[in-house]
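# Structural characterization, general
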Amino acid sequence: RVNPSPDPTPLPVPARPGRRRWLGWVAAGWLLALAGLDARLAGPTGSNATLDVEMDSSVDSVAQAFFDTGKGFNALESSTTPIAAGPGAQTLSFPLPVGPVLAIRFDPLTVPGTVHVHAAAVHREGNRDPLRVFDPARITALHEIARLTPQPDGMEAVTTPDSGDSQLALPVVSPIDTRPTAAEQASRFVGIDVSATLLALLAVGLAYWLGPVVWPRVRPLTAPVRSLDRRFAAWAGVLSRPEIASLDRWVFWFYAACVLGFGALAAGGFHGSSLDEYSSQYPWSGVAAAPVLGRAEEIRSDEWALHTPAFLNQLYRRQPLDVERSAFGGQNAALLISLPCRDFTQSVRPEFWAFHVLPPPAAFAVYWQCKGFVLLTGVFSLLLLLTRGRTGLAALGALWMFFSAHIQWAYSWTSLLPEMVGFFGWTVCLTLYLCVGRNRWLLAAAAAACALSALNFALCFYPPHQIPFVLFGLLVAVVWLRTHRAEVLRPDLRVRHALALAGCWGVVLLVLAGFYLEARGGIATALHTVYPGQRVSGGGGIPLEEYLSHFLDFWKTEKHFPAGQGNVCEGSGFLWLLPTTLVTLGRRRLAIPGGSEALLAACWLGAVVIGAWTMFPIPPAVGRWLLFDHVPAVRCLPALGLINVAGVILYLSLPGGPAPVPGERPGSFWRTAGVVAVFLGAASLLSLANVAYHDFFRSSEVVLGAAYLTLLAVCLLARRRTAFALALLLPLAYANGGINPLDRGLRVVTKSPLFRVVQGTPRLREGRWLVFSHDFTLTGFVVATGAEVFNSFKVLPDLPAMAQFDPGGRFEHSYNQSGHMLVRPLPPGRPSTFENPDVGLLRWSVSPLDPALRRVGVRFLMFDEAPDAMLIPGLRRIAPEVPGVWIYEAP
């Protein structure tokens, strides 16, 4: 027996990844988390400084302070508080916004009267020494002040006899910076970072020590979960189609998590409305209410003062769920603006089913939670199909879309944006499946679900958002069908596919035809309005610096955003990472099986077309070819954001790594040099954008934003999918997850004295109300109680009724539009006048004693301040127990 001689050269053993690299990624992630935590706490999330004014008044009224931080005086950077009549001095406190305050305007009264300002100063919370003291003798008059008289203990101001907006200016000699000093921030951050690190180390140590002891006892409890996991794996094996999409059990776990989250939040009665603004900002509710988590957002007035009150009006009005007349107008306006109503179209809108069977608070919670459920599952399903079953990447894209700043800030728009995005994803995904499916039962179920999704997408009925989505959907469908044409054109399945598609889209066309027959009168009225029916939009409106500023959205709040961006909802966006894919895309092979790069090219084509429309002054005549002449630039952002997400996810799904750069030299030095170059480029771009916004963002914020952009770009180009997902989602979830509050119930309305009066007196719901107020928020509160308000927000203006106050049609151009209607009282005998101080806003001046009010059905009048003495003899006051308002019966 011959013994083989040993080989003197040992075989190479593959090196295992060392712990050093793993620990490096953990340390980098932890430092990023600490930096984000510090930036979050340092950002303009609130101010601990208040303007304290010691004064007395001769009348009951509301005082308001406006703070100019560089954007002029505006309602977002203001604060109000009531003041009671009496000789004793009262101290009124007004929170200051974060940042340098350049000027302060103080509006002491909203009615004629006299005030005596004794003292005024700015204080920090917990600090007795004032930050700034104002000399009352140097207060100056701005508007509707008849006389200013210095007094030994302050300044006395007498308003003009017809005053409704008296204004004073406080002497701000130099800017008042309410931000903490650098030393205060550093001290605070060191304590926070050390505490967070110690807690993390303690948690890791406890898990390492207790894990072996606890896990054997916990494992038997996981048997049902493991059984469900095996069942999901079996389903994935049955449904997988390698040529279309290879599914795994995690697909079903994602859907299960969405169902579980939706069910738990809906069953708990949770919603995300900012309706509690009526408790914190205004005196009409009389209910101390606050969200369970987060806080109500004043900027969400379209939701809490407009859309949600219209929902409640449908439930609490004299004829609940009426379709013909709603708070938004007659002619079936409820169908055009997606309100719950008794109509056949509601049978295909599952988010509204709960309003027909459940109590209002529970139904509203179900409706609200449908938003997130449809958005997450719809985007996930679309990306799952496009990536051929890459579950992790599809989940990453869905969560990225959900936590994006623009989606979260625009979450509660009346256009139903989350549902629109989700149903769009479901529609495209299911339509493509109908072209390649094999199982007849699955095709039938998919056809029904596709019809339901397409109808819900269409019935959101907001073309400015929908048109860009339809363009993107057509591009994806054309490329995907061409890539899978062999499956689409299989001879043995052609008839089955044709029947499924015809049945699905036949139902869609049939239901939409019935919808049109019902709503055609309202549609015709809407098309003939000055705004938005006759609005024609050209391209442009979003400059490049605004897109770059979206990488700094972490430091924007509802009261802190660059001037020129309108508001934080329209000024926030997405992390635009799609351009990064161009760095290596041009060096790749284009004919990869599955068509991922062709789909990525479709995303790029859609991004170029829509992006060009948003940035360049393209004439409306050119945009008409794609129906974009009715799409303002800012309404393109949701579709452009979805294209951005889909493009990046498709890029990550491409097989293999990036091709080497020609002439690139290997080595850590060159990799480091590349990272530094990316950082310098990102910092330069963000700095130029900040210069365009007059250095709105701090230098530290710009540097941190550039570092974050560099991290994302490097992880994306290096195909570090896990690192990219963590670096992307954790900051987004942390920064934007709390934008929408978490609340329960509708008590701020249903427990209010006005609600009890309206619901307890049936005749108050039989006639129309006219609300005289300084802004539209009071009108929304009255609408929420179930009263029919003549001057509520109207999608369809009541032209015959308005003609009663404008016999010659002189002002028809002013009131023939959708929007808010503010009503101000005139003395008896004066004719009505109309004006438009802004787009979508009508200011109507009319006498409360005008006999035409009775002719249009107005029987009750409400004022947010005591009416003039010359009007009182002709009015009979009712419901004096309602605080903050004066209610009268019309003569």
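Bear in mind that the values here come from a model prediction, so they are computed numbers and not experimental data.

### A few points about the overall build of the protein
- Counting its regular elements, the protein contains 30 helices and 23 strands.
- Relative to the compact-globule value of 29 Å for 891 residues, the protein shows a C-alpha radius of gyration of 31 Å, a close match.
- A buried classification covers 51% of the 891 residues belonging to the protein.
- Within the protein, contacts between residues at least 6 apart in sequence are counted, and of these 72% link residues at least 24 apart.
- Surface exposure of the protein reaches about 40,200 Å², of which carbon and sulfur atoms provide 65%.
- Of the side chains in the protein, 71 bear a positive and 62 a negative charge, and the two mean positions are spaced by 15 Å.

### Some words on the confidence of the model for the protein
- Across the protein, pLDDT averages 88, with 91% of residues at or above 70.
- Contacts of residues 588-593 to residues separated by more than four positions or lying in other chains number eleven contacts, the stretch itself having pLDDT below 50.
- In the predicted structure, residues 658-664 sits below a pLDDT of 50 and forms eight contacts with residues beyond four places in sequence or in another chain.

### Remarks on the sheet that holds strand β3 (residues 78-83)
- An order of β3-β2-β6-β12-β9 is seen for the five strands of this open sheet, with the pairing classed as antiparallel. Here the strands that pair on one side only, and so sit at the sheet edges, are β3 and β9 (140-143). Averaged over all neighbouring strand pairs, the angle between strand axes comes to 25 degrees, with direction disregarded.
- Both strand β2 (residues 61-68) and β3 contribute to a ladder of six bridges, which runs antiparallel. Note that in β3 the partner of A63 across the bridge is T81.

### Concerning the environment of F311
- Here F311 lies in helix α6 (residues 301-316).
- Measuring from C-alpha to C-alpha, the distance between F311 and S326 comes to 9.4 Å, with 15 residues separating the pair along the chain.
- Setting aside residues up to four positions removed in sequence, F311 forms contacts with S338, L339, P340, F352, F355 and Y367.

### Points about the packing of helix α4 (residues 249-267) against helix α8 (residues 360-386)
- One way to put it is that α4 packs onto α8 with a least axis distance of 9 Å and a crossing angle of 170 degrees. With respect to each other, α4 and α8 are oriented roughly antiparallel. Residues V251, F254, Y255, C258, V259, F262, L265 and A266 of α4 form the contact with α8, whose participating residues are A365, V366, Q369, C370, F373, L376, T377, F380, S381 and L384.
- Taken together, the residues of the contact of α4 with α8 sort by class into 15 nonpolar, three polar and no charged.

### Regarding the state of the cysteines
- Under the definition given, this model contains zero disulfides.
- Just so you know, C341 is unpaired, no disulfide at all, and the nearest cysteine sulfur is the one on C460, 14 Å from it.
- On the basis of relative accessible area, C341 is assigned to the buried category, the value being 0%.
- Just so you know, C370 is unpaired, no disulfide at all, and the nearest cysteine sulfur is the one on C460, 12 Å from it.
- The class for C370 is buried, based on a relative accessible area of 10%.

### Structural notes on the side chain of N736
- Inspection of the secondary structure assignment puts N736 in helix α24 (residues 721-736).
- A polar contact of 2.8 Å, which involves the side chain of N736, links it to the backbone oxygen of F403.
- The residues touching N736, leaving out its near neighbours within four places in the chain, are F403, S404, A405 and Q408.

### Points about the pairing of strand β19 (residues 833-838)
- Pairing of β19 with strand β20 (residues 841-846), which is carried by four bridges, proceeds in the antiparallel orientation. Paired with E835 across the strands is R843, a residue of β20.
- Where β19 folds back on β20, the antiparallel hairpin that results is connected by two residues, among which G840 adopts a positive phi of roughly 75 degrees.

### Some details on the environment of P320
- By secondary structure assignment, the location of P320 is in the loop between α6 and α7 (333-336).
- A residue is classified by how much of its surface remains accessible, and P320, at 38% relative accessible area, is partly exposed.
- Sequence spacing of P320 and G786 is 466 residues, and the spatial spacing of their C-alpha atoms is 9.0 Å.

### With respect to the nonpolar core
- Counting residues in hydrophobic clusters, the biggest one holds 197 residues, and the most contacted among them are L577, F724 and W769.
- Among the elements that make up this core, the one with the highest residue count is α8 (16 residues).
- For W769, the contacting residues outside a window of four places in its chain are V758, L764, V782, A787, E788, V789, F790, N791, V858, F860, M862 and I887.
- Judged by nonpolar contacts, the second largest core, of 27 residues, contains M55, L92, L109 and V122.

### Considering unusual backbone geometry
- Note the cis peptide between Y531 and P532, where omega equals 5 degrees.
- Along the chain, P532 falls in the loop between α15 (494-527) and α16 (544-549).
- The backbone of S338 sits at a positive phi, close to 60 degrees, despite the residue not being glycine.
- Mapped onto the fold, S338 is located in the loop between α7 and α8.
- Note on S338: relative accessible area 1%, which makes it buried.
- Residues other than glycine seldom take positive phi values, yet A879 does so here, at roughly 50 degrees.
- You can see A879 is positioned in the loop between β22 (876-878) and β23 (886-889).
- Of the residues examined, A879 reaches a relative accessible area of 14% and is grouped as buried.

### A short note on the packing of aromatic side chains
- Counted according to the given criterion, the structure contains 49 aromatic pairs.
- Aromatic side chains Y255 and W426 sit 6.2 Å apart centroid to centroid with 20 degrees between the ring planes, which places their arrangement in the stacked category. Remark: W426 occurs in helix α11 (residues 417-434) and Y255 occurs in helix α4; sequence separation between them is 171 residues.
- Assessed through its relative accessible area of 23%, Y255 is described here as partly exposed.
- The exposure class of W426 is partly exposed, given its relative accessible area of 22%.
- Judged by centre distance (6.1 Å) and plane angle (50 degrees), the ring pair of Y278 and Y282 falls under tilted.
- Take Y278: its relative accessible area is 1%, and that puts it in the buried class.
- For Y282, a relative accessible area of 17% puts it in the buried group.
- Each residue in the set F311, F352, F355, F364, Y367, W368, F402, F403 and Y411 is aromatic and connected to the rest through ring pairs, giving one cluster.
- Across the ring face of F66, the terminal group of R105 is positioned such that the distance to the ring centre comes to 4.1 Å.
- Directly above the ring of W413 sits R635, whose terminal nitrogen or CZ lies 5.0 Å from the centroid.

Cut-offs applied
- Residues numbered from 1 in each chain as written.
- Predicted model: local features only at pLDDT ≥ 70, side-chain atom pairs only at ≥ 80, totals over all residues.
- Heavy atoms only, no water.
- Helix = DSSP H or I, 4+ residues; strand = E, 2+ residues; numbered from the N terminus.
- Rg over C-alpha atoms; globule rule 2.2 N^0.38 Å.
- Buried < 20%, exposed > 50% of the residue type's maximum accessible area, 1.4 Å probe, protein only.
- Contact = heavy atoms within 4.5 Å.
- Areas by Shrake-Rupley, 256 points an atom, 1.4 Å probe, with all protein chains shown as cover.
- Lys, Arg positive; Asp, Glu negative; His and termini not counted.
- Charge placed at Lys NZ, Arg CZ, Asp CG, Glu CD.
- pLDDT = per-residue confidence, 0-100.
- Pairing = 2+ DSSP bridges.
- Axes fitted to C-alpha atoms, helices over the stretch in contact; angles between N-to-C directions.
- Parallel < 35°, antiparallel > 145°, perpendicular 65-115°, else oblique.
- Nonpolar A, V, L, I, M, F, W, Y, C, P; charged D, E, K, R; others polar.
- Disulfide = S-S within 2.5 Å.
- Polar contact = N/O pair within 3.5 Å; in protein donor to acceptor, adjacent residues only side chain to side chain.
- Core = buried A, V, L, I, M, F, W, Y, C linked by side-chain atoms within 4.5 Å.
- Phe/Tyr/Trp six-rings, centres within 6.5 Å; stacked < 30°, edge-to-face > 60°.
- Lys NZ or Arg CZ within 6 Å of the ring centre and 35° of its normal.

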